[in-house]
Amino acid sequence: MFVHPDEDTRTDGGFQGERAVLAGYLRDQRLTLELKCAGLDAEAMARRSVEPSNLSLLGLVRHLAGVEQYWFRQVMAGEDVRRHYRSEQDPAADFTQAVADPAVVADAWATWRAEVAFAERLVAEAPDLDVAGDGDGQPMELREVLVHMIEEYARHNGHADFLRERIDGRVGQ
């Protein structure tokens, strides 16, 4: 186990109301990602799964920073921002350029945390979950984005379980 149950900052449900349920479960998924990566150095964070995959915990952090940015800044807030890590030349740079450098790891965490903070503010300040953004020309309600983000984290946290177990034998909770 990564953390003793008495020290686990995640909740076990008990949320009241639609916004609290969706925001609470997303928060817990975000905390799970942090737990999966806890205590690892740059080399371990950048360690790839198995050939030919370029999947790594660092790549997941970078990828999820980009996912947060896309859905909350671009789709919901309508901001025209340059995507983190991705480029036309290397659309998978969030993974391919996830290298074992402490500065790259620090940047990934800082970027991810900034995007999470932006998303949390946007959700808290939205008048309701019916607020819609522009998802490639289609209206996208905030509630749908929140459900999608829970799904996105749940899938990638499953990947993180296997990656962490390969690194040091620790299994998830």
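Caption draft 1: Quick peek at the environment of Leu-58. Turning to its location among the elements, Leu-58 is positioned in helix H3 (residues 57-76). Relative accessible area serves as the criterion here: at 0%, Leu-58 is assigned to the buried category. C-alpha separation for the pair Leu-58 and Glu-120, spaced 62 residues apart in sequence, amounts to 22 Å.

Caption draft 2: Local environment of the pattern of salt bridges. All chains considered together, the criterion is met by 15 salt bridges. Ionic pairing is found between Arg-27 and Asp-28, a salt bridge with its closest N-O pair at 3.5 Å. In this structure Arg-27 comes out as partly exposed when scored by relative accessible area, which is 35%. Residue classification places Asp-28 among the buried positions, given a relative accessible area of 8%. What emerges from the salt-bridge pattern is a single network uniting Glu-18, Asp-130, Glu-141 and Arg-143.

Caption draft 3: Focus on the packing of aromatic side chains. Considering all chains together, one arrives at 2 aromatic pairs under this definition. A ring pair is formed by Trp-109 and Trp-112, whose centres lie 5.4 Å apart and whose planes are at 85 degrees; its orientation type is edge-to-face. Residue Trp-109 and its partner Trp-112 are located together in helix H5 (residues 102-125), separated by 3 residues, close to a single helical turn. Assessed through its relative accessible area of 12%, Trp-109 is described here as buried. The residue whose ring lies beneath Arg-73 is Phe-118, and the NZ or CZ to ring-centre distance is 4.0 Å.

Caption draft 4: Local environment of the environment of Val-50. Here Val-50 is to be found in the loop between helix H2 (42-46) and H3. Residues Val-50 and Ser-87 lie 37 residues apart in sequence; the distance between their C-alpha atoms is 25 Å.

Caption draft 5: Region of the structure containing helix H6 (residues 142-168). Across its 27 residues, H6 extends 38 Å between first and last C-alpha, which sits within 8% of the 39 Å expected from 1.5 Å per residue. Just downstream of H6, Gly-169 is the residue with a positive phi angle, here 85 degrees.

Caption draft 6: Main features of the side chain of Ser-49. Looking at the secondary structure, you find Ser-49 in the loop between H2 and H3. With near-sequence residues (within four places) excluded, Ser-49 lies in contact with Leu-55, Leu-163 and Arg-166.

Caption draft 7: Just unusual backbone geometry, in detail. Omega for the peptide link from Glu-51 to Pro-52 comes to 0 degrees, which places this bond in the cis form. With respect to the helices, strands and loops of the structure, Pro-52 is situated in the loop between H2 and H3. Even without glycine at this site, Tyr-85 takes up a positive phi of about 70 degrees. Tracing the sequence through the fold places Tyr-85 in the loop between H3 and helix H4 (93-96). With relative accessibility at 16%, the residue Tyr-85 sits in the buried group. Its identity is not glycine, yet Asp-136 carries a phi of approximately 55 degrees, on the positive side.

Caption draft 8: Region of interest: the packing of helix H1 (residues 18-37) against H3. With their axes 10 Å apart at the nearest point, H1 and H3 run at an angle of 155 degrees to one another. On the basis of the axis angle, H1 is roughly antiparallel to H3. Relative to H3, the crossing made by H1 is left-handed. Contacts from Leu-26, Arg-30, Leu-33, Lys-36 and Cys-37 in H1 reach Leu-57, Val-61, Leu-64, Glu-68 and Phe-72 in H3. A per-class count over the contact of H1 with H3 returns 7 nonpolar, no polar and 3 charged.

What counts as what
- Residues numbered from 1 in each chain as written.
- Predicted model: local features only at pLDDT ≥ 70, side-chain atom pairs only at ≥ 80, totals over all residues.
- Heavy atoms only, no water.
- Helix = DSSP H or I, 4+ residues; strand = E, 2+ residues; numbered from the N terminus.
- Buried < 20%, exposed > 50% of the residue type's maximum accessible area, 1.4 Å probe, protein only.
- Salt bridge = Lys/Arg side-chain N within 4 Å of Asp/Glu carboxyl O.
- Phe/Tyr/Trp six-rings, centres within 6.5 Å; stacked < 30°, edge-to-face > 60°.
- Lys NZ or Arg CZ within 6 Å of the ring centre and 35° of its normal.
- Expected span 1.5 Å × (residues − 1).
- Contact = heavy atoms within 4.5 Å.
- Axes fitted to C-alpha atoms, helices over the stretch in contact; angles between N-to-C directions.
- Parallel < 35°, antiparallel > 145°, perpendicular 65-115°, else oblique.
- Left-handed = near helix turned anticlockwise from the far one by under 90°.
- Nonpolar A, V, L, I, M, F, W, Y, C, P; charged D, E, K, R; others polar.

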